[in-house]
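Single-letter residue listing:
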Amino acid sequence: MRFPTPLIEGKLIKRYKRFLSDIELPNGEVVVAHCPNTGSMKRCQQDGARVWLSKSDNPKRKLAYTWELVEVDDKYLACINTGYPNKLVGEAIANGVVTELVGYAEQKAEVKYGEKSRIDWLLTGDDGRKCYVEVKNVTLLEEGGLGYFPDAVTDRGRKHLYELAKMVEEGHRAVMFFCVSHTGIDSVTPAAHIDKKYAQTFKEVVAKGVEVIAYRVAIDLLEMKIVHPVSVFMPE
């Protein structure tokens, strides 16, 4: 997946009201950029961090700039745009990169299921077998290459886990897919120290047959693509 326009480097001044960020451009100009991330962005919004923006030429947009990438710890790149993981995973599945999910004849996005929810990807085989794939973006690195999800308490995330377990009970395949959008993360685990209930629910649904897959995204200033799997560790 290529970025929509050439990225522009800047320096993060601050993020505020969740969806807004002040960015200083190389010429000293300060612009307000859209922050396409509703989460806490823990460790991905350090003051003064190098960031990269895309710029739209659509005159109807209120904010021309969109914050896309951030440099973390002066050496890693992380994608903070949560609109991309579903697309990245969809491309990877379609191209056969995700070996665990090959062999399905049909692939649909945002299909209604459960209680007023939509599954990110529904895969259907020639024989009618179904695989429900829920995608989560992982950008929280704390130590030793270990990435954590979630980065804040998420009742919605627990609801998704229960809905995946329900699909297993109905005889379908269900997968939690961690899309690791951070070049410093080599493995993933549920963040029990942030959301103990989520971690416990995670363990419960895995015991019931929900599968877990994690793949790392290669990131540069031109494009991003899913490249290889990473290990997933169960919470204690």
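By the naming in an unreviewed UniProt entry, the protein goes by Sugar fermentation stimulation protein homolog and is assigned to Marinomonas profundi. The Sequence similarities (unreviewed entry) field of the UniProt record for the protein holds the comment "Belongs to the SfsA family."

J.: Tell me about helix α2 (residues 155-169), and please be specific about residues and values.
T.: Compared with the 21 Å implied by 1.5 Å per residue over 15 residues, the 21 Å span of α2 between its first and last C-alpha is a close match. Among the residues making up α2, those that are buried are G157, R158, H160, L161, E163, L164, A165 and M167. Positive backbone phi, approximately 95 degrees, marks G171, located one or two places after α2.

J.: I'd like a rundown of the sheet that holds strand β10 (residues 140-143), residues and numbers included.
T.: Here we have 4 strands laid out as an open sheet, ordered β10-β11-β13-β16, and mixed in their pairing. Both outer strands of the open sheet, β10 and β16 (231-232), are each paired with one neighbouring strand and no more. In this structure, β10 lies alongside strand β11 (residues 146-149), joined through 3 bridges in antiparallel fashion. Bridging from a neighbouring strand, E143 pairs with L146 of β11.

J.: Just give me the short version of the environment of I8, but keep the residues and values in it.
T.: With respect to the element layout, I8 can be found in strand β1 (residues 8-16). On the basis of relative accessibility, which here comes to 27%, the residue I8 falls in the partly exposed class. With 154 residues separating them in the primary sequence, I8 and Y162 have C-alpha atoms 41 Å apart. With residues near it in sequence (within four places) discarded, I8 still touches L25, V51, W52, L53, K55 and Y65.

J.: Requested: an account of the side chain of D22, with residues and values cited.
T.: Looking at the element boundaries, D22 is found in strand β2 (residues 20-24). For the buried residue D22, which engages in no salt bridge, the nearest side chain bearing the opposite charge is K14, 4.3 Å off. Leaving out residues up to four positions away in the same chain, D22 has contacts with K11, L12, I13, K14, Y16, V30, V31 and V32.

J.: Quick rundown of the packing of aromatic side chains? Include the residues and the values.
T.: Taken as a whole, this structure holds 7 aromatic pairs when the rule is applied. Between F149 and F178 the ring centres are 5.8 Å apart and the planes differ by 45 degrees, which places this aromatic pair in the tilted class. Of this pair, F149 sits in strand β11 while F178 sits in strand β12 (residues 173-180); the two residues are 29 residues apart in sequence, bridging distant segments of the chain. Side by side, F149 and F178 carry an identical accessibility label, which is buried. Residues F177 and Y215 carry aromatic rings whose centres are separated by 5.7 Å and whose planes lie at 25 degrees to one another, so their mutual orientation is stacked. In this pair, F177 sits in strand β12 while Y215 sits in strand β14 (residues 211-219), placing the two residues 38 residues apart along the sequence. Pair check on accessibility: F177 and Y215 agree, each one buried. One aromatic cluster in this structure is built from F149, F178, Y198 and F202. The lysine or arginine in question, K14, covers the ring of Y16, its NZ or CZ lying 5.1 Å from the ring centre.

J.: Kindly report on the layout of surface pockets, identifying the contributing residues and their values.
T.: In this approach a probe as big as a water molecule rolls over the atoms, and the regions it shows empty are the leftover space. Computed from the structure, the largest pocket encloses a volume of approximately 760 Å³. A total of 4 residues in the lining of the largest pocket trace back to one element, the largest contributor, which is strand β9 (residues 130-138). When its residues are assigned to classes, the lining of the largest pocket shows 9 nonpolar, 13 polar and 7 charged. Counting residues domain by domain, the lining of the largest pocket receives three or more from each of domain 1 (8-79) and domain 2 (84-232).

Cut-offs and rules
Residues numbered from 1 in each chain as written. Predicted model: local features only at pLDDT ≥ 70, side-chain atom pairs only at ≥ 80, totals over all residues. Heavy atoms only, no water. UniProt positions renumbered as here; feature names shortened; annotations may be inferred. Helix = DSSP H or I, 4+ residues; strand = E, 2+ residues; numbered from the N terminus. Expected span 1.5 Å × (residues − 1). Buried < 20%, exposed > 50% of the residue type's maximum accessible area, 1.4 Å probe, protein only. Pairing = 2+ DSSP bridges. Contact = heavy atoms within 4.5 Å. Lys, Arg positive; Asp, Glu negative; His and termini not counted. Salt bridge = Lys/Arg side-chain N within 4 Å of Asp/Glu carboxyl O. Phe/Tyr/Trp six-rings, centres within 6.5 Å; stacked < 30°, edge-to-face > 60°. Lys NZ or Arg CZ within 6 Å of the ring centre and 35° of its normal. 1 Å grid on protein atoms, 1.4 Å probe; cavity = no way out; pocket = protein on both sides within 12 Å on 5 of 7 lines; lining within 4 Å. Points joined across faces, edges and corners; volume = space filled by probe spheres on them. Nonpolar A, V, L, I, M, F, W, Y, C, P; charged D, E, K, R; others polar. Domains from an automatic or database assignment.

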